[in-house]
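Structural characterization, general
Given next are the chains, with one letter for each unit.
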Amino acid sequence: MIKRLVVFTVLAIGSTAVAHADSISGFFSLTGTDSFTSSSLTLAPPQNSVVAGAVGGTFATYLTDGNPITFATGSIPYVQGNNIPPSIQLFSTTEAGETFGFTVSSFSADFVNNGIEGCLTGNTCLTITGMGTFTGTGAVAYTPTPAEFQFTSQYVSGKPLASLTSFSASASATPPAVPEPASLALFGTGLVGLVGIARRKLSRLSV
């Protein structure tokens, strides 16, 4: 029984340590063309977006500046404030044998046309912050990881809504926190206590 408890201890601590070994971490920037109104956003054309600018973490292993990004087709409806859309893969990008996909689970939309919140007077701006999950498949099968997507687009004064414009965006992934060493130590102490109890019980049985 003691041997079994010791084996269980090693397996449990080992599993905890590697639980997020294949999670995605890092960030990248992107740009493309879009059109929007006060109630909808369309990435047009959805294949005309690229990685542009900073790339870090896991993404830097695969993605390079100018790599194509494919967005979901069709119009994306929204309301001012919080939105809970049907679960859809908003965009994906493939390079060096790895495909990353971002599935949005919720987002906040801010449509501004009155010269506030950093949107210049006369311009019309749309800012979206989306929460969701990044997946990575191909060369490495990464664990789905919580992620965030930031999107900004605007029409300059005099340009009509729903006409083509350009957007800038960024995406980042942050793995769930792993247990701190102190927590693991406490966990191990508890298991040592269990081993001691088991040893005393065995001693009583052998008397």
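As a reminder, the structure under discussion sits directly above these lines.
Residues numbered from 1 in each chain as written. Predicted model: local features only at pLDDT ≥ 70, side-chain atom pairs only at ≥ 80, totals over all residues. Heavy atoms only, no water.

**Re the nonpolar core**
Using the following cut-off: What makes a nonpolar core is a set of buried Ala, Val, Leu, Ile, Met, Phe, Trp, Tyr and Cys residues whose side-chain atoms join them at distances within 4.5 Å. Think of it in three bands: with a 1.4 Å probe and only protein chains considered, a residue is buried below 20% of the maximum accessible area for its type, exposed above 50%, and partly exposed in between. Each helix is a run of DSSP H or I of at least 4 residues and each strand a run of E of at least 2, with the numbering of both proceeding from the N terminus. Contacts: residue pairs with any heavy atoms within 4.5 Å of one another.
Residues Phe28, Phe71, Phe91, Phe134 and Phe149 are the most contacted members of the largest nonpolar core, which totals 34 residues. Elements that contribute at least two residues to this core include exactly strand 1 (26-36), strand 2 (40-43), strand 4 (68-71), strand 7 (88-95), strand 8 (98-112), strand 9 (124-138), strand 10 (142-155) and strand 11 (165-173). Here this core takes 6 residues from strand 8, the largest share from any one element. Setting aside residues up to four positions removed in sequence, Phe28 forms contacts with Val51, Ala54, Val55, Phe59, Leu63, Ile69, Phe91, Phe134, Ser170 and Ala171.

**As for unusual backbone geometry**
A cis amide bond, omega -15°, links Ala44 with the succeeding residue Pro45. Here Pro45 is to be found in the loop between strand 2 and strand 3 (49-57). Positive phi, normally seen in glycine, also occurs at Glu117, with a value near 55°. Relative to the helices and strands, Glu117 resides in the loop between strand 8 and strand 9. Classification of Glu117 by relative accessible area gives exposed; the value is 57%.

**A few points about the state of the cysteines**
Counted only if it meets this: Criterion for a disulfide: a pair of cysteine sulfur atoms within 2.5 Å.
In the structure shown here, the tally under the stated rule is 1 disulfide. Paired through a disulfide, Cys119 and Cys125 show a sulfur-sulfur distance of 2.0 Å. Disulfide Cys119 to Cys125: torsion about the S-S bond roughly 85°, handedness right-handed. Looking at Cys119, the relative accessible area reads 4%, which means it is buried. Residue class for Cys125 comes out buried when judged on its relative accessible area of 9%.

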